[in-house]
Number of protein chains: 2
Amino acid sequence: MPTRSPVLVDLKFDPQTLANALQKAFPDRGSINLADPADAGVDLTEVDYAVLWKPEQALFSRAPNLKVIFSGGAGVDHIMDLAGLPDIPVVRFVDRSLTTQMSEWVVLQCLTHLRQVNAYRKQATGGVWRELAQPEAREVTVGVMGLGVLGLDAVAKLKTMGFDVIGWSRGKKTIDGVMTYDTNNLDGFLRKTDILVGLLPLTPDTVGIYDNSLFAKLRQGGALGKPVFINAGRGKSQNQADLTTALSSGVLGGASLDVFDIEPLPAGDPLWAMDNVVITPHVAAASDVRALFRSVEIQIDRFERGEALEHVVDRATGY
Amino acid sequence: MPTRSPVLVDLKFDPQTLANALQKAFPDRGSINLADPADAGVDLTEVDYAVLWKPEQALFSRAPNLKVIFSGGAGVDHIMDLAGLPDIPVVRFVDRSLTTQMSEWVVLQCLTHLRQVNAYRKQATGGVWRELAQPEAREVTVGVMGLGVLGLDAVAKLKTMGFDVIGWSRGKKTIDGVMTYDTNNLDGFLRKTDILVGLLPLTPDTVGIYDNSLFAKLRQGGALGKPVFINAGRGKSQNQADLTTALSSGVLGGASLDVFDIEPLPAGDPLWAMDNVVITPHVAAASDVRALFRSVEIQIDRFERGEALEHVVDRATGY
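Parameters at a glance
Residues numbered from 1 in each chain as written. Chains lettered and ligands numbered in written order. Predicted model: local features only at pLDDT ≥ 70, side-chain atom pairs only at ≥ 80, totals over all residues. Heavy atoms only, no water. Core = buried A, V, L, I, M, F, W, Y, C linked by side-chain atoms within 4.5 Å. Buried < 20%, exposed > 50% of the residue type's maximum accessible area, 1.4 Å probe, protein only. Contact = heavy atoms within 4.5 Å. Disulfide = S-S within 2.5 Å. Phe/Tyr/Trp six-rings, centres within 6.5 Å; stacked < 30°, edge-to-face > 60°. Helix = DSSP H or I, 4+ residues; strand = E, 2+ residues; numbered from the N terminus. Least-squares fit on C-alpha atoms with pLDDT ≥ 70 in both. Pairing = 2+ DSSP bridges. Axes fitted to C-alpha atoms, helices over the stretch in contact; angles between N-to-C directions.

Turning to the nonpolar core, a few remarks are in order. Counting residues in each nonpolar core, the largest one holds 57 residues, and the members touching the most others are F163 of chain A together with F163 of chain B. With residues up to four places along the chain from it excluded, the contact list for F163 of chain A reads C110, L111, L114, A137, R138, V140, V142 and L158 of chain A.

Time to look at the state of the cysteines. On inspection of all chains with the given rule, the structure shows zero disulfides over all chains. C110 of chain A takes part in no disulfide bond, and the closest cysteine sulfur, belonging to C110 of chain B, lies 17 Å away.

Here the focus is the packing of aromatic side chains. Under the criterion given, the structure shown has 12 aromatic pairs over all chains. Between W129 of chain A and F260 of chain B the ring centres are 5.6 Å apart and the planes differ by 70°, which places this aromatic pair in the edge-to-face class. Linking W129 of chain A in the loop between α5 (117-125) and β6 (141-145) with F260 of chain B in the loop between β11 (254-257) and β12 (277-279), this pair reaches from one chain into another. Among the aromatic side chains, those forming a connected cluster through ring pairs are Y210, F215 and F229 of chain A.

Turning next to unusual backbone geometry. Cis geometry marks the peptide bond from E263 of chain A to P264 of chain A, where omega comes out at -5°. When you line up the elements, P264 of chain A lands in the loop between β11 (254-257) and β12 (277-279). In this model, K54 of chain B sits at a positive phi of 50°, which is unusual for a non-glycine residue. Secondary-structure assignment places K54 of chain B in the loop between β3 (49-52) and α2 (59-62).

All names here are of chain B. Those residues of helix α9 (residues 240-249) not exposed but buried are Q240, D242, L243, T244, A246 and L247. Taken together, the buried residues of α9 touch α8 (212-217), β10 (228-231), β11 and β12. Remark: G250 follows α9 within two positions and exhibits a positive phi of approximately 90°.

Before going further, it helps to spend a moment on the relation of the copies chain A and chain B. Least-squares fitting of chain A to chain B yields an RMSD of 0.0 Å, with the superposition described by an axial translation of 0.0 Å and a rotation of 180°. Here the copies are linked by what is in effect a two-fold axis. Relative to the rotation axis, the C-alpha of L108 of chain A is the closest in chain A, positioned 3.0 Å from it. The fraction of interface residues of chain A whose copies in chain B are also interface residues reaches 100%, indicating that both copies meet through the same surface.

Moving on, we come to the sheet that holds β10 of chain B. All names here are of chain B. If you trace the seven strands from one edge of the open sheet to the other, you get β8-β7-β6-β9-β10-β11-β12, paired in parallel fashion. Sheet topology places β8 (179-181) and β12 at the edges, where each strand pairs with a single neighbour. Across the sheet, the mean angle from the axis of one strand to that of its neighbour is 15°, orientation sign disregarded. Bridge count between strand β6 (residues 141-145) and strand β9 (residues 195-198): four bridges; the pairing is parallel. Bridge pairing links G143 to L196 in β9.

The values reported here are purely geometric and, on their own, carry no functional implication.
Here it is as structure tokens:
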């Protein structure tokens, strides 16, 4: 064992991809990979750093001297919810590739609903050649909820594509050329929104926030006719029974969903079969494990030089 | 009849939309709408200006004193091909909304292939939750053929989304941060291209340019595995038999097609039924007729003040 503490790695990712990435990661301190049977019983009492994705609560008893915890993804709810979480910094994973992929997915979904991909595909299935009335992007207001790194990048790219874009966050943010709202005026934000894009973290405040009463406030009769809901944040932020009802009753005209209250989405769930609902299996922005380890190394270097860690979770807000 | 020459309108658009738009267009000179039975037999000998979409050759004998011809769309091949076309300026329709819509469609199609929409939709049909290996946009090179107003806007937006973008045009163009090619190095351009976006005008040089030999030069084994062909220019630029073969034999991994050699695409055409081929009925960028008439009015004003017309077709190149 090197004199520097090895990095504890407990990630529920593809084992082979993980093992390959670890061969080159942390060359000056090594790692302990809990997915590797050879490492499973190792003593963790001297470990300083852990990179975690959906860890077990018991881990914190086995590794009582952790100094910093790194999340394996953009979200940290899988860590913050655990009883026994020590009072040490928890660092979110912020990465260019994660951000780029998320904006790809969000722009793709907004354009899919704007350009009536579902309706044209149905026509094509029957060999039908028929032009549909087509609003312009600037006639459609996309409301982005959540204005962190991911939300801000999505806002900028949606604007470039010509959409009218507005933003909402818990605390007021100012974005050049974009009307923004906060907790004091969620209703005003929803009333203007034709396509709602959810990029909120999961916190006690955002559990079930996308529910009947929220969907009912979105703009009806806008350029798309009915509002559309797009969620790439966290599944537990959506009241999924309410969402399913809103889609089948016509309160919502469509949806694109990458996240669900239970994942994988069960095979018989009615959402799979719904017209105008795009479903992807939590792949909007997949963590690249090599990029994750590079980012962890950078933060450990900062920490050991006595510099401030970046992207540390605020315990008061939970993100 | 006002003292100023009325504008001759011969557009094969939706008659009611056209009639509504004409009620407010050209208030100081009026119009003659050949789609209106009341106007069908009117004397056209004194008419100065014509707005045309797929006109009959005979029109030029009926209106022998035209001074300017305006195309009803971005393309002009439907006019330039006609025998009897008088030697007067032909003005292309260039419009913000046309450009924005075209880039929406192009970005949508590039993201559709990048993010494996077809594969995920197939999985969803069976209720299958499975993550697929996902390249990043910057690992994929989009080659845009045609660098006019539409091509340049598409290039800029594809770059914003993170794609590696290169461009080709007949004559060399310089674009900041984008590698460009011309007729001297089409093969070099194709060898680097994972997704080929066709935005070429139809001219004698571009008839059937997308053929077997061109498809065979696109990069095999790039981040998407096989190359993808996207055409929103003109259908007669594609050798459609070659295209169909390239798709079924696996030379191409997918396609998005808005244009076809014969439109509407016949109901039994094999392209309709192909996996990983997106078909839209020539709607990528639909001319807004009100915007068209505003643009024609602006150009007539310039012409009558003795200023140079904008967007005039070069007879040597045909666009």
